Amino acid sequence: MSKTIRIGTRDSELALYQAKVVQKLLEEKGHKTILVPLKSTGDIVLNKPLYELGITGIFTRTLDIAMLNHDIDIAVHSLKDVPTILPKGIVQGAVLKRGNIRDTLVFKKNEEFLASKNGTIATGSLRRRAQWLNRYPTHNVVDLRGNVNTRLQKLEDNDWDGAIFAAAGIGRLNLRPENSINLEWMVPAPAQGAIMVAVLDEDEETKNIISEINHEETEICTTIERTFLNKLEGGCSAPIGGSAYIKNDEIHFHGVLLSKDGTKKIEVKRTKPVGEHYDLAEWAAEYIIERGGKRLMDQLKDEDKQVNIYSTKSFTEDQRFLFNEKVTPESSDFIKISLNRIHPRFVKNEIENVVITSKNAVEALLTSFSPIELKFKNIYCVGRRTKKLIEKRIGKVKHSEKNAKKLANYLVEYMEGTEVTYFCSNLRLDDLPSILENNNIKVNEIEAYQTKYDSLKVPESVEGVMFYSPSTVQSYKKENIANGIAFCIGDTTAKEASKHFKDVRIAKVPTVESVIELVNDYFLRKQES
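Quick caveat: nothing in here was measured; it's all calculated off a predicted structure.

Rules behind the numbers
Residues numbered from 1 in each chain as written. Predicted model: local features only at pLDDT ≥ 70, side-chain atom pairs only at ≥ 80, totals over all residues. Heavy atoms only, no water. Core = buried A, V, L, I, M, F, W, Y, C linked by side-chain atoms within 4.5 Å. Buried < 20%, exposed > 50% of the residue type's maximum accessible area, 1.4 Å probe, protein only. Helix = DSSP H or I, 4+ residues; strand = E, 2+ residues; numbered from the N terminus. Contact = heavy atoms within 4.5 Å. Salt bridge = Lys/Arg side-chain N within 4 Å of Asp/Glu carboxyl O. Axes fitted to C-alpha atoms, helices over the stretch in contact; angles between N-to-C directions. Parallel < 35°, antiparallel > 145°, perpendicular 65-115°, else oblique. Left-handed = near helix turned anticlockwise from the far one by under 90°. Nonpolar A, V, L, I, M, F, W, Y, C, P; charged D, E, K, R; others polar. Pairing = 2+ DSSP bridges.

### Re the nonpolar core
Nonpolar side chains tend to gather and get buried jointly when the protein is soluble and globular. Among the nonpolar cores identified, the biggest contains 25 residues, and Ile 342, Ile 356, Leu 374, Phe 376, Ile 390, Ile 394 and Phe 423 are the most heavily contacted of them. Elements represented by at least two residues in this core include exactly β16 (335–339), β17 (351–356), α11 (359–368), β18 (376–382), α12 (384–393) and β21 (442–453). Looking at which element gives the most residues to this core, the answer is α11, with 5 residues. In contact with Leu 374, not counting residues within four places along its chain, are Val 347, Leu 365, Leu 366, Phe 369 and Ile 394. Ile 220, Phe 228, Ile 266 and Val 268 belong to the second largest nonpolar core, which has 22 residues in total.

### Remarks on the pattern of salt bridges
Under the criterion given, the structure shown has 24 salt bridges. Between Asp 73 and Arg 6 there is a salt bridge whose closest N-O contact spans 3.1 Å. Taken together, the residues Asp 73 in the loop between α3 (61–68) and β3 (74–78) and Arg 6 in strand β1 (residues 4–10) connect sequence positions 67 residues apart. Where Asp 103 meets Arg 127, a salt bridge forms, and the shortest distance between an N and an O atom there is 2.8 Å. Remark: Arg 127 occurs in helix α4 (residues 126–135) and Asp 103 occurs in strand β5 (residues 103–107); sequence separation between them is 24 residues. By the burial criterion, Asp 103 is buried, and Arg 127 matches it. Because the salt bridges share partners, they merge into one network encompassing Asp 103, Arg 127 and Arg 128.

### Comments concerning the packing of α11 against α12
Running from N to C, α11 and α12 cross one another at 20°; their axes reach a closest spacing of 9 Å. Overall, the two elements α11 and α12 adopt an arrangement that is roughly parallel. When the axes of α11 and α12 are compared, the crossing they make is left-handed. Contacts between α11 and α12 involve Lys 359, Val 362, Glu 363 and Leu 366 from the first element and Arg 385, Thr 386, Leu 389, Ile 390 and Arg 393 from the second. Here the contact of α11 with α12 is built from residues that sort into 4 nonpolar, 1 polar and 4 charged.

### Considering the pairing of β21
Two elements, β16 and β21, share 5 bridges in a ladder whose sense is antiparallel. What sits directly across from Ile 337, in β21, is Thr 451.

### Here we look at the sheet that holds strand β8 (residues 162–166)
The strand order β7-β6-β8-β5-β9 describes an open sheet built from 5 strands, whose pairing is mixed. The open sheet is flanked by β7 (140–142) and β9 (180–182), the only strands paired with a single partner. Taken over all neighbouring pairs, the strand axes of this sheet differ in orientation by 25° on average, direction set aside. Of the strand pairs in this sheet, β5 and β9 are connected by 3 bridges, and their pairing is antiparallel. When the sheet's bridge partners are listed, Val 106 is paired in β9 with Ser 180. Packing of α4 onto the sheet brings it into contact with β5, β6 (120–122), β7 and β8, and relative to β8 it is tilted by some 130°.

In structure tokens form, the structure reads like this:
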């Protein structure tokens, strides 16, 4: 067939490996494909808020949005990272034949510490932590974050006895050390070791293609595990394990729910013939709930997570892993973007001078018009990422600056003509139009998109808040008092934050990663003082 399937993937090493496995399987079936690595949800805009579409997974939301925007045809995920309820319009197209489902202990020297009263194990997983403490209650479990390479290096650099990894992950990257063992007693995460392909429900052609690589046995087992998880979790992050496998035409299921400290454990095992298994997950979940599971889940929901940093923009998986061990971050999108339909009369004739201060305005223009319809003689913009997007999809940028005020001063000095067309938000700052109009430059403002506040109350344990635009500061203030430190992405954001916060700090470069570095530096210095 002639269609080229665009395979969406995050750009981490493991994610790319999994995407290439899917690519190979499809190409072996005779289909054309192309990989589309994606980085951040902040680079992609929807016409509807994320919550209306049911987009929740921190590890999957980037690809969900790209698919709903028709930037990719399919998305490849580790199935254990996928929320049990998929966003509206997205369905599971295929599950590949499963890899190793087990958790693996990588130890520093030898396994003797397992028989000792004292031992230190590293893991960032609530499920692994709880099961380890249930089996080794006198051991110490420390937090471990980062990609596989980073975690292996941290194990090497620290005085720990071992760390726990997913066997499939370190195996796929060919990083499994010799000094490692599978933990046969530890119940894995539901769908651990499985690769899933998501697709738009409306895309019948692609759904039919993807179904060719589906592995039925893996699909049956992971569906049982994920249904069990869904029936138990109730929106709460909890230590839940679930494993199903088929042997001699029978499905064997093992499920477990624990308290976070491992002192409480409720377990279920059940075997059903294939074909009679459709109520297996529900039965197992009810078994857990009736034996104290509901009370345990309620306790888990009420536990104070002690978040100490809050971000007004959601993190990607890779960004979350950049925080050091002293930071317990939480994030949410405090502003929602809605693109406007721009009337054709605004671009009917060539525009001599165009000002664009955000990628959102670029997306609004491209949603309303094809690039060839945008007859812009001179384009001026704010931000290197905005410039990159404009030059990729519209045309050459004549000049760019870090913020709107600097761009306005440049235009006053060097711009040809006495009129600009400014594609902006409904909540745009006054700096640029005020400076231009005070210098007899006419500003034609066109509202390209709307910025809507979507604030929520942050925990009292928060010591600092991360801001990325003046509007995120304004949104935050709708529900919160300005306490602690404002970590800001740039000067314009810091200017707004300084109206409310006594302690305002600015990142070295205007990126999310640089703001994270600023936060890490604060907690490092706090620890040393």
